[in-house]
Each structure stands twice: as C-alpha cells, then as structure tokens.
Amino acid sequence: MADTSTTTSLARALSHQQLDPCDPSPRDPLVPGRRRALSFKSSLNRLDTDDSCVIESRVLVLNTGGTIGMKVDHDVLKPEANALVAMLKKLPILHDAAYAEKTCLYDYYNPEDTLVLPLSKEKRRIIYTIVEYNPLLDSSNMTTKDWAKIGRDIETEYENYDGFVVLHGTDTMAYTASALSFMCEHLGKPVILTGSQVPIYEMKNDGRGNLLGALMIAGQYCIPEVCLYFYNKLYRGNRVTKVDAGSYNAFSSPNLAPLATTEVDIAIDWDTVWMPNTTSKFRVSTELNRNVGLLRLFPGITTEAVRAFLQSAIEGVVLESYGSGNAPDNRPELIAELKKAIASGTIIMNCTQCLKGTVSAFYNTGKVLLDAGLIPGGDMTPEAALSKLSYVLAKTNLSIEAKKKLMSDNLRGEMSADRGAATLCMSDSRFIQIIAKTLSINCTEEMKAICNALTPTLACAATKTGDIEALEALREMGNNLCLSDYDGRTPLHIAASEGYLNVVQYLLSHGASVYARDRYGDTPLSNAVRFRRKEVVKLLRKTGAHFSRDELDEAGTELSSLAASGDLEGLEIWHLAGADLNKPSYDGKTASQVAEALGKTEVVRHLLKLETNKPKSGVIEFTATMTGK
Ligand code: ASP
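Now for a quick tour of the structure. (Residues numbered from 1 in each chain as written. Predicted model: local features only at pLDDT ≥ 70, side-chain atom pairs only at ≥ 80, totals over all residues. Heavy atoms only, no water.)

Let us now look at the overall build of the protein chain. Within the protein chain one finds 23 helices and 19 strands. Intrachain contacts of the protein chain at a sequence separation of at least 6 include 74% that bridge at least 24 residues. Of the roughly 27,300 Å² that the protein chain leaves accessible, carbon and sulfur atoms contribute 54%. (Helix = DSSP H or I, 4+ residues; strand = E, 2+ residues; numbered from the N terminus. Contact = heavy atoms within 4.5 Å. Areas by Shrake-Rupley, 256 points an atom, 1.4 Å probe, with all protein chains shown as cover.)

Here it is in structure tokens:
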C-alpha cells in the first residue's frame, strides 16, 4: 500500500533519522512508546534539541491508598486525599516541569493529574496520569469490591496507556496482586502494584523510589503480567507475600526469582516473564466469589472447629497444611470432615504453611489429604490460592470438575512447573555449536552472547519464510520468540507484514506481543494495515491490538486520501484496524465528504456500508482460514 499520509511518513522519516543507530535500546524486546503528535507540529529548530529523539509512553496510576500517601492525623497514619500530585510536582525526579513547559504538555493533558518523568537512560519520557480513588483506603479495609473496581478501571483505560501502576497499601497488596493476576485475562501490558512502608511526604521514605521504579518499568517494558514492585525488585504478583512490617524490603517471592531488578541498570529476566499464549482480547473478569476461606492447621486443632468452619456457606477452602503438605493421619474423624465437605461440592486446596517448597505426597500424612480429594496447591502462596479460588468459583457456568481442573492448572504462573520437565537451551543446538566451533569459541559466556545475538535474527529469518518448524525448533531450544532484531522488529512484525496468518497465530500462542513497537514506532497491526493483510488485521484486533492515540488522530488524513483515490480495499482495512471512518482529515473533511466532493459515489456507498456493518462492541468476526505464504 502506498504511504499516502504526509504526517505519517514525515513522522516515520523523522523518527528514523533521529534515533541513534548505535543506541542499543531498540533491541529490548517489546518496548512500547510513541511520539506525541505535538512533535510533528514543532518547528524544525526543536528537532535540534535533545528531545527530538525522545519517545513518549503513557502510564496510568490508580491511587487506591496505603501508607505511601498517608499523613499523621491525631497520632495515627491515615490516607490524605488530594495531596499527592501537588507534592510530586515539586520533586524533580518525579516531574520534569521544564520538559512539560517546553513541549506544551498541558495543551494535551490535564495539569491537575498528569506529570512527566525526566528523560530515562533508554531515551524515554514517561507521561503519567494519576487517578485518585475516593475514599483512599488503608488496604486492611479492602474487599473484593475494591479489586473489581481496580480491574474495571484498567479494562476501561486499557487502550489509552502503555502500562498501569496501582498504588496500594502493603498489608493486603499480595492478595490484590494475586487476585488481579487471575482477573486480568489475556493481559498484554504491565500492571504493577506498589506502595511504601513510609509515607512519601516524609523526608526519608521508600515511596519515591518505589513509585519511580514501577513507573519506569510500566512505561518502558512490555511485561504482560500483574506484578508487584518493591525495594528495587519486580515480582510476579501472585508469587509474593508480605514478610516484614518494619523494613523497606517488605516482600518476598519465595518460590520464584524476581522478574526484574532495578539497581544501576534495569535488568529484566525475560526467561522468567510469563508470556501470553493467546489470541483472545484482554478482558477483566470482575466476578469474585467471597465464600472462600483459609484454614490453618495446628497441633491439637479440634474436629469441632474444622466442622464449624466447613459447615458455613463456604464453597472453597485453602487448607494450610504442614511441611510438604501434611496433616494428621491418625485423626480419621478430622479427615472425614474434609471428605464430607468435598463430597458436598466444596473445593479444598492443599497449600503448605512453609514459605518455600511445594506440596507433595512424600509422606503418608500427605497422601491422606490427596486420597481425601484435596487438590495439591504446589508451591502456590495461600494468597494466590485463595484469590484463585475466588476467581474460579465465580465462573458459575462451569461444572465442579471443570473448576477443579482450573484450580490445578497453572493459569498465570502462580505455581512452578513439575520438576523433571526438559530444560533445553540454545547451547543444545547443533546449529549454534557448529557456528561456535567455526568461530573457535567454547567459553560459555561467549556462547551465551552468540546465542542472544543470533536468536532474534534467526527467528525473524524463519518467520520471513513462514517456517513454523524452524520457529518451533528455536522455541524448543528455550528461546524467546518475541525478542526483537536490531531494528526492534519482532517475528510478529515480520509475519504480519508478510500476511502469514498461521505464523501469526503460532507466534501469538507462544508469547508474542501485539503491542511490540519497532524503532519506527510501528506495531504488527500497523504493518498488517500497510501491507493490506486483512485476515491478519482481524486476528490481531481480536487479540487486542489497537492503533495508538496518535495513529487514530492521523487516520482522518489517511482515510481522506484513500477516499480521494477510490481505494475501497484500503478503506476497509483501516476500518477493520479500528480507524473511525468519520474522523476528519487535517483540513476538517471526512473521507465521505472528500469522496462526495469528487463525485466518487461508489466510495460514498462503500463507506456507508462499512459504517452500517460496524461490528457491535468492536468484535470482528474472524475467518479461521489459514493463508500460507
Ligand atoms: N496499613 C497500610 C496499608 O496496608 C500499610 C502500608 O501501606 O504499608 O494500607
């Protein structure tokens, strides 16, 4: 398709010239970001400044409360409303007033709630908007209703931001993070909970560092998970537990290493990040069942206490057992109560009281629970198991067996895979070994560096020829198929450009992100539109891909130009990709006005037809025909 939009091509040309070719940052996988339309309107002089090659990302901060925003009132800490933004504006590390002024930020954003971080090492500007909840809550006061509100807000604003930060009290943060991880289905963008042990208003505190770290990750790295950021570490949200009430290092993720550490540099462990494996669109399941509970075993617990607990309206229980999932095997009357509850439809999970380690049936005292019908919870934290039960039990359309199956499945990386699963790595590859031999390199470090350098290029090359077998081989060797090449292009960009629907489908099922942007700011969706890959556009849209706000703003000009040249197919593709057909171009005319003025009645009719057949609620019917190369 000819690039008929002057603004788009100008923007692309400018970003192409301005990005430093030696800058390694575009190689970071899945870095979101875009230029603000403002940059295109600026005088050429501005392009000489440092900001000319800056890419902006947008982060939404939902401030739910917690110590981070508390002040002392009558000798106790309480959340302070309407104070955070004003305070942050005075902190140069959290707001660059000069940049906001220079780039007329507030012509575009509300100064009451929007701030901008200083330029990051990765040459990103993170513009963040804070939405303050009313009332702000100490997290001890939170319930499932509050989780649902956070989920709904993320769902509503999902397409307007690159990432989300949730400010939250630390006391129940592990529960909320776990719950959101299950509620957010087919998540493709980062959602990061953080807070602090000391209010951000105090002279010495951990709130500033925690907020800054969470913003920098949410705005720069497309980690498609609900995470918790605290004290220089990013954790998977459903793996954490609060372990210290009096230290900045308040959280622990006993059974999974952090996803990232932020010390001198931000180091993301992409091998640990839970990658999406779906072609479904993001949505939030806000239904949660509150009839769940935690039952902690202790020596001498009475059968009456267990019976009373299980006789209530309870539908799901996390039994916190001893060690590797053990309970008394010399108390048949106690085990009988558990069996009775299970027989009447209650789901009981077996989780260990230990911080580290997993449930197993090593001992007879463990086997007795398995035999009674309890579901082994692996190394899930009680917080994760409880919120998973709450999420699964709310799926009223599922049978009890289907619910039990979901409870034992690893839905969001909340438990470790079985030990013994084959761990393959790139160094197993004969191909790589041959290359290494040719280069006479044997040292593991160098070998690893070669693998890292080669993988994205090999994966992109395999994609270019539509070779799924080669992609599968690379994946089986432990490689990440969403890494980008020297131009920030991922295999999904290539497959979308080539129109290989089956490869697109395969990549989406193996971790590829529809939000990845290459060095020109293009996503797989923009590529598919440019090369007119209609079925790919439909599949990407179904998976949640969307134009950025800037692209939607520019769509009017593109549509008018397509209308003027009578390009019916082009108009349909842009429509399928989510462009608003009524968006006026830079001169205020819509595509259909342009067509009318030029007497192109066929175009006017076509536009009308597209508009009438607009899919309800944005769902596009997807034809599952696989078009090969
Ligand atoms: N009580 C506070 C809360 O959870 C503790 C904190 O934020 O650190 O809201």
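On to the site of the ligand. Taken together, the residues surrounding the ligand are Gly 66, Thr 67, Met 70, Asp 138, Ser 139, Gly 169, Thr 170, Asp 171, Ser 196 and Gln 197. Interatomic distance of 3.0 Å between a side-chain N/O atom of Asp 138 and a nitrogen atom of the ligand. With the chains in place, 91% of the 260 Å² that the ligand exposes on its own is no longer accessible. Along the lines of polarity and charge, the residues of the shell around the ligand split into 1 nonpolar, 7 polar and 2 charged. (Near = heavy atom within 4 Å. Polar contact = N/O pair within 3.5 Å; in protein donor to acceptor, adjacent residues only side chain to side chain. Nonpolar A, V, L, I, M, F, W, Y, C, P; charged D, E, K, R; others polar.)

Let us now look at the packing of aromatic side chains. Under the defined criterion, the tally for this structure stands at 8 aromatic pairs. When the centroid spacing of 5.3 Å and the interplanar angle of 40° are considered together, the rings of Phe 547 and Trp 574 count as tilted. One end of the pair, Phe 547, is in the loop between α19 (534–542) and α20 (549–564); the other, Trp 574, is in helix α21 (residues 568–576), with 27 residues separating them in the sequence. The pair Phe 547 / Trp 574 is uniform in exposure class, with both members buried. Ring pairs connect the aromatic residues Tyr 158, Tyr 161, Phe 164, Phe 282 and Tyr 515, which therefore count as one cluster. (Phe/Tyr/Trp six-rings, centres within 6.5 Å; stacked < 30°, edge-to-face > 60°. Buried < 20%, exposed > 50% of the residue type's maximum accessible area, 1.4 Å probe, protein only.)

All chains considered together, the criterion is met by 27 salt bridges. Among the salt bridges present, the one from Asp 371 reaches Lys 367, with a minimum N-O distance of 3.0 Å. Taken together, the residues span about one helical turn, with Asp 371 and Lys 367 both in helix α10 (residues 364–372) at a distance of 4 residues. What makes Lys 367 partly exposed here is its relative accessible area of 39%. (Salt bridge = Lys/Arg side-chain N within 4 Å of Asp/Glu carboxyl O.)

Okay, the sheet that holds strand β18 (residues 347–352) next. With parallel pairing, 4 strands are arranged side by side in an open sheet as β16-β17-β18-β19. The sheet is open, and its two edges are formed by β16 (292–296) and β19 (375–376), each paired on a single side. Both β18 and β19 contribute to a ladder of 2 bridges, which runs parallel. Bridge pairing in β19 links Asn 350 to Pro 376. (Pairing = 2+ DSSP bridges.)

Across the 8 residues of helix α17 (residues 501–508), 6 count as buried, placing the element largely inside the fold. Considered for burial, the residues of α17 that qualify are Leu 501, Val 503, Val 504, Tyr 506, Leu 507 and Leu 508.

If you trace the 9 strands from one edge of the open sheet to the other, you get β4-β5-β1-β6-β8-β9-β10-β13-β14, paired in mixed fashion. Strands with a single pairing partner mark the edges of an open sheet, and in this sheet they are β4 (114–116) and β14 (266–268). This sheet shows a mean twist of 25° between the axes of neighbouring strands, independent of strand direction. Lying on the sheet, helix α6 (residues 173–183) is in contact with β8 (191–194) and β9 (226–230); it crosses β9 at an angle near 155°. (Axes fitted to C-alpha atoms, helices over the stretch in contact; angles between N-to-C directions.)

Once that is clear, we can look at the nonpolar core. In this structure, Leu 507 and Leu 540 are the most contacted members of the largest nonpolar core, which totals 94 residues. When neighbours within four sequence positions are excluded, Leu 540 is seen to be in contact with Leu 492, Ala 496, Val 504, Leu 508, Val 514, Pro 524, Leu 525, Ala 528 and Ala 545. Among the nonpolar cores identified, the runner-up in size contains 37 residues, and Leu 117, Tyr 128, Ile 192 and Leu 259 belong to it. (Core = buried A, V, L, I, M, F, W, Y, C linked by side-chain atoms within 4.5 Å.)

Turning next to the side chain of Thr 241. Of note, Thr 241 is situated in strand β11 (residues 241–242). What makes Thr 241 buried here is its relative accessible area of 11%. When residues no more than four places from it in sequence are discounted, the contact partners of Thr 241 are Ala 174, Ala 250, Phe 251, Ser 252, Pro 254, Leu 355 and Glu 383.

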